[in-house]
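# Topology and contacts: notes
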Number of protein chains: 6
Amino acid sequence: MAEPRVATVRPVPEESATGKVAEIFADIKATKKLSFVPAFWRVLATNPDHLELVWTRLKTLMHPEAVGRTSRLDPLTREIIALAVSATNGCAYCTSSHTAAVRKLGLDVEALGEVLAIVGLFNSTNALADGYQIEPDVLPPLD
Amino acid sequence: MAEPRVATVRPVPEESATGKVAEIFADIKATKKLSFVPAFWRVLATNPDHLELVWTRLKTLMHPEAVGRTSRLDPLTREIIALAVSATNGCAYCTSSHTAAVRKLGLDVEALGEVLAIVGLFNSTNALADGYQIEPDVLPPLD
Amino acid sequence: MAEPRVATVRPVPEESATGKVAEIFADIKATKKLSFVPAFWRVLATNPDHLELVWTRLKTLMHPEAVGRTSRLDPLTREIIALAVSATNGCAYCTSSHTAAVRKLGLDVEALGEVLAIVGLFNSTNALADGYQIEPDVLPPLD
Amino acid sequence: MAEPRVATVRPVPEESATGKVAEIFADIKATKKLSFVPAFWRVLATNPDHLELVWTRLKTLMHPEAVGRTSRLDPLTREIIALAVSATNGCAYCTSSHTAAVRKLGLDVEALGEVLAIVGLFNSTNALADGYQIEPDVLPPLD
Amino acid sequence: MAEPRVATVRPVPEESATGKVAEIFADIKATKKLSFVPAFWRVLATNPDHLELVWTRLKTLMHPEAVGRTSRLDPLTREIIALAVSATNGCAYCTSSHTAAVRKLGLDVEALGEVLAIVGLFNSTNALADGYQIEPDVLPPLD
Amino acid sequence: MAEPRVATVRPVPEESATGKVAEIFADIKATKKLSFVPAFWRVLATNPDHLELVWTRLKTLMHPEAVGRTSRLDPLTREIIALAVSATNGCAYCTSSHTAAVRKLGLDVEALGEVLAIVGLFNSTNALADGYQIEPDVLPPLD
């Protein structure tokens, strides 16, 4: 019987992190108010420069208050976008993680169902529009 | 020189619609407060049963007030989900149409940039999580 | 060691279903001639309105005789389309379930191989046509 | 104003083909009963070995009678699979070309609508199954 | 508790292969210098013609020296392309297998991180270009 | 007749850029040795913070020498990855732009055909591995 699927690289254990990686791990836990560093970040840490690039970008976009930015979108809307993208791409890790995040931000199971219903609907209409190669409507010029 | 890409079927012109198709066309314009029937619906009308199925579903999910439902999500959030899915799938018709919808609901160009920045970010992290085959974090049991 | 991946919500057990959900569960088993309600439907049941929308649409398209419709496609062709879409999207649950369905409708393992060979071929040519950005052939006007 | 999108390489004109490419072009027209070589093949011809590989595979799977094979699927079902894959991937060139092929094989516009309705439905359920990370049903062992 | 996901068909065991299948299995092990036949090929073997088609194509493109071809790309670059495609599609089996291949060809964990960083980056910019429906730049004519 | 598809926002003209946007535009032209700012960057400039985030990341990964980094991959390999991802996603703008880049770095049309042949091959095997839900081979433990 085959092994269950595993990460293709060994995640960096929190306790063995040093230097830049240790700092970023601490920042992730503080910014996201987590008691552990999720596997995603511990895998990226196998290339510290890449860890830094992805964390900087995600922190800026998803935790704007932590970098002194003001966002036009509220935190739940931002996580809903993350979930919609992840469900559309069928990314298991990401779907699990962003579902946990929207739940933590107050979305109950029935409302989660509404989000996914809309995700499902537009994956359907996307296939229809592409399947019929529908020409764009003539819209008013851009302002 | 090749022709520009065109719909693979001839959309049903509004003025030639009769019966169920004409009723749905009228409902689309009234519900969506539009002066014309978008090409998407006029193409689906080549199979009237299918037009009805898709419109019923979209009306229920995206125009809940029109069917006496209460939605847990506001109209802008619903359209943002539609745009996130369409950009992720690269559906040209749908992206154009849902961008027009979020603009009409008040999202300005800079805030649109924030939505797409988040869409871009998570298409990136999805590829990373899949590219590393990252194992799910052990999350607390479902409530 | 991480837990195996699990549904992000708790499926509604058949025996705890009431009202509209219980009715739909019974209809699914009767229409699909199944002795149990698949997890897909029990998860959707966490939002009963969504369950109803998806079941109504799937029943209409995939079990037309149950709603008095006549389909132009035979049941095996309809399930082959479902499998082709699911394999292309890499949806594990759906691929398993539609493979079971085509097998039940008489497709043996070798013929399943032919279906997937064609699915594989066109995922390849799609990437080639997009990778070369090939312009459409000038086709005769639509009739 | 930007140019319309064009192939990223110059397709090989039919009249300038020689040797292996000319032979394959002739075989494509004879096998597919076409009066011209579609752009897809003329672009692949910029790498003659690749042209040969793709044509051999496509001819074997889609024109089995031409290579003395017997297919378990009829020609229309084979083209429907091609269309389902192409619409799911949103490949413009391929969607146009396979729509033309199913029309030529007798599928009228309304039946095309039924095919695409099913394609749309399962793109939707795929996103739902992935969005909820639904665990597979326990199915009977493989025979 | 549901079973872990399994192949939807029973892979052909190496020891039960005969005729064309046994020959191809031997060729796979010799060409790829492997001590076993990977599950991918043993599953394809349920349709021997399909096994032959896929192996011939993969051998030609990925092991050109075995068929007397000269490739313009080195073996590591070819496997990196395979990994980039597999991560983008989120194919678990393929990602695992091509990661093993690039590691065997000398890419260490940090350089793997660089490959995936670039894969992640362009999955992001792809979603942005599609999400904004950006018009192509006017490029100089093809040579 | 419908308009050809256009960007959903108005790109920022080079001559109207000021402050941070003007600086980044200058850096893009200098780093990429271009005489104009591609539409991609002029569209992102509608949200200057986003422009900065994407450019910083792309510059770091694709132009490492410009930020004092050493890359383990050569420039052509990096662009080939970008093209493989873009062709797989079917992103028209990106495919055109990365094809231009690999050509500029010396890949001729026949070698481009080899890259795309491999991209096509693995889009095919990905669909097969997912379509059969093939279980991972038992690989040796990670080092």
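Scoring rules and cut-offs
- Residues numbered from 1 in each chain as written.
- Chains lettered and ligands numbered in written order.
- Predicted model: local features only at pLDDT ≥ 70, side-chain atom pairs only at ≥ 80, totals over all residues.
- Heavy atoms only, no water.
- Helix = DSSP H or I, 4+ residues; strand = E, 2+ residues; numbered from the N terminus.
- Rg over C-alpha atoms; globule rule 2.2 N^0.38 Å.
- Buried < 20%, exposed > 50% of the residue type's maximum accessible area, 1.4 Å probe, protein only.
- Lys, Arg positive; Asp, Glu negative; His and termini not counted.
- Charge placed at Lys NZ, Arg CZ, Asp CG, Glu CD.
- Expected span 1.5 Å × (residues − 1).
- Contact = heavy atoms within 4.5 Å.
- Phe/Tyr/Trp six-rings, centres within 6.5 Å; stacked < 30°, edge-to-face > 60°.
- Least-squares fit on C-alpha atoms with pLDDT ≥ 70 in both.
- Buried area = accessible area lost by both parts, 1.4 Å probe.
- Salt bridge = Lys/Arg side-chain N within 4 Å of Asp/Glu carboxyl O.
- Polar contact = N/O pair within 3.5 Å; in protein donor to acceptor, adjacent residues only side chain to side chain.
- Nonpolar A, V, L, I, M, F, W, Y, C, P; charged D, E, K, R; others polar.
- Axes fitted to C-alpha atoms, helices over the stretch in contact; angles between N-to-C directions.
- Left-handed = near helix turned anticlockwise from the far one by under 90°.
- 1 Å grid on protein atoms, 1.4 Å probe; cavity = no way out; pocket = protein on both sides within 12 Å on 5 of 7 lines; lining within 4 Å.
- Points joined across faces, edges and corners; volume = space filled by probe spheres on them.
- pLDDT = per-residue confidence, 0-100.
- Core = buried A, V, L, I, M, F, W, Y, C linked by side-chain atoms within 4.5 Å.

### Thoughts on the overall build of chain A
When helices and strands are counted, chain A shows six helices and zero strands. Against the compact-globule benchmark of 15 Å for 143 residues, chain A has a radius of gyration of 19 Å, which places it well outside the compact range. For chain A, the spread of C-alpha atoms along the principal axes amounts to about 55 × 50 × 30 Å. When each of the 143 residues of chain A is scored for burial, the buried share is 59%. When the 14 positive and 17 negative side-chain charges of chain A are each reduced to one mean point, those points stand 8 Å apart.

### Considerations on helix α5 (residues 92-104) of chain C
An α-helical turn contains 3.6 residues, so a residue and the one three or four places further along point in the same direction. With 13 residues, α5(C) should reach 18 Å at 1.5 Å per residue; the first-to-last C-alpha distance of 18 Å fits that figure. Those residues of α5(C) that sit buried are Ala92(C), Tyr93(C), Cys94(C), Thr95(C), Ser96(C), His98(C), Thr99(C), Ala101(C) and Val102(C). Where α5(C) is buried, its residues touch α2 (39-44), α4 (75-89) and α6 (109-131) of chain C, α6 (109-131) of chain D together with α6 (109-131) of chain F. Backbone geometry just downstream of α5(C) places Gly106(C) in the positive-phi region, at approximately 110°.

### What about the packing of aromatic side chains?
Residues and elements named next belong to chain C. Summed over the entire model, instances satisfying the criterion amount to 18 aromatic pairs over all chains. Measuring from centroid to centroid gives 5.3 Å for Trp41 and Trp55, while their planes differ by 85°, and the two rings are edge-to-face. Here Trp41, found in helix α2, pairs with Trp55, found in helix α3 (residues 48-62); they are 14 residues apart in sequence, far enough to count as distant. As far as the burial class goes, Trp41 and Trp55 line up, both buried.

### A short note on the relation of the copies chain B and chain A
Mapping chain B onto chain A leaves a residual RMSD of 0.0 Å; the transformation is a rotation of 180° accompanied by 0.0 Å of translation along its axis. Look at the turn and shift together and you get a two-fold axis relating the two.

### A short note on the interface of chain B and chain A
At the interface, 67 residues of chain B touch 67 residues of chain A. Of the roughly 6,100 Å² buried between chain B and chain A, counting both surfaces, carbon and sulfur atoms make up 66%. Together, Glu114(B), Tyr132(B) and Ile134(B) form the three largest contributors to the area buried by chain B at its contact with chain A, with a combined 11%. There are four salt bridges connecting chain B and chain A. A salt bridge links Glu114(B) to Arg69(A), with the shortest nitrogen-to-oxygen separation between them at 3.6 Å. For the pair chain B and chain A, the number of links is 20 residue pairs in polar contact (both at pLDDT 80 or more). When residues of the side of chain B that touches chain A are assigned to their parent elements, the largest contribution, 18 residues, is made by helix α6 (residues 109-131) of chain B. Considered class by class, the residues forming the side of chain B that touches chain A number 37 nonpolar, 17 polar and 13 charged.

### Here's the deal with the pattern of salt bridges
Overall, the coordinates contain 42 salt bridges over all chains when judged by the stated rule. Notably, a salt bridge pairs Asp49(D) with Arg69(E), separated by 3.9 Å at the nearest N-O pair. One end of the pair, Asp49(D), is in helix α3 (residues 48-62); the other, Arg69(E), is in the loop between α3 (48-62) and α4 (75-89), on a second chain. On the accessibility criterion, Arg69(E) (18% relative accessible area) is buried. Ionic contacts of the salt-bridge type, sharing partners, join the residues Lys20(A), Asp49(A), Glu52(A), Glu114(E) and Arg69(F) into one network.

### Re the packing of α6(C) against α6(F)
The N-to-C vectors of α6(C) and α6(F) enclose an angle of 145°; their axes lie 8 Å apart at closest approach. Here α6(C) and α6(F) pass one another in a crossing that is right-handed. Side by side, α6(C) and α6(F) meet where Leu116(C), Ala117(C), Val119(C), Gly120(C), Leu121(C), Asn123(C), Ser124(C), Ala127(C), Leu128(C) and Gly131(C) of the first sit next to Leu116(F), Ala117(F), Val119(F), Gly120(F), Leu121(F), Asn123(F), Ser124(F), Ala127(F), Leu128(F) and Gly131(F) of the second. Its residues placed into classes, the contact of α6(C) with α6(F) shows 12 nonpolar, eight polar and no charged.

### Points about empty space enclosed by the protein
Scanning the entire structure with this criterion turns up nine cavities of 30 Å³ or more. In this structure, the largest cavity is lined by 47 residues; those nearest its centre are Asn89(A), Asn89(B), Asn89(C), Asn89(D) and Asn89(E). The residue inventory of the lining of the largest cavity, partitioned by class, reads 12 nonpolar, 29 polar and six charged.

### Thoughts on the confidence of the model for chain A
Residues and elements named next belong to chain A. Averaged over every residue, the pLDDT of chain A is 93; residues scoring 70 or more account for 93%. The low-confidence segment residues 1-5 (pLDDT under 50) makes 17 contacts with residues lying over four places distant or belonging to another chain. What the predictor reports for the complex is a pTM of 0.95 with an ipTM of 0.94.

### What to know about the environment of Leu121(B)
As for its placement among the helices and strands, Leu121(B) is situated in helix α6. When the C-alpha atoms of Leu121(B) and Asp137(B) are compared, they prove to be 20 Å apart, with 16 residues separating the residues in sequence. Those residues in contact with Leu121(B), other than ones at most four positions away along the chain, are Arg57(A), Leu58(A), Leu61(A), Met62(A) and Ser124(E).

### Some details on the nonpolar core
General note: in soluble globular proteins, nonpolar side chains tend to be found buried as a group. If you look at the biggest cluster of nonpolar residues, it comprises 288 residues, and the most contacted ones within it are Trp41(A), Trp41(B), Trp41(C), Trp41(D), Trp41(E) and Trp41(F). Apart from the residues lying within four places of it in its own chain, the contact partners of Trp41(B) are Phe25(B), Ile28(B), Lys32(B), Leu51(B), Val54(B), Trp55(B) and Leu58(B).

### Considerations on unusual backbone geometry
With a phi close to 50°, Lys33(B) is a non-glycine residue in the positive phi region. Mapped onto the elements of the fold, Lys33(B) is located in the loop between α1 (19-32) and α2 (39-44).

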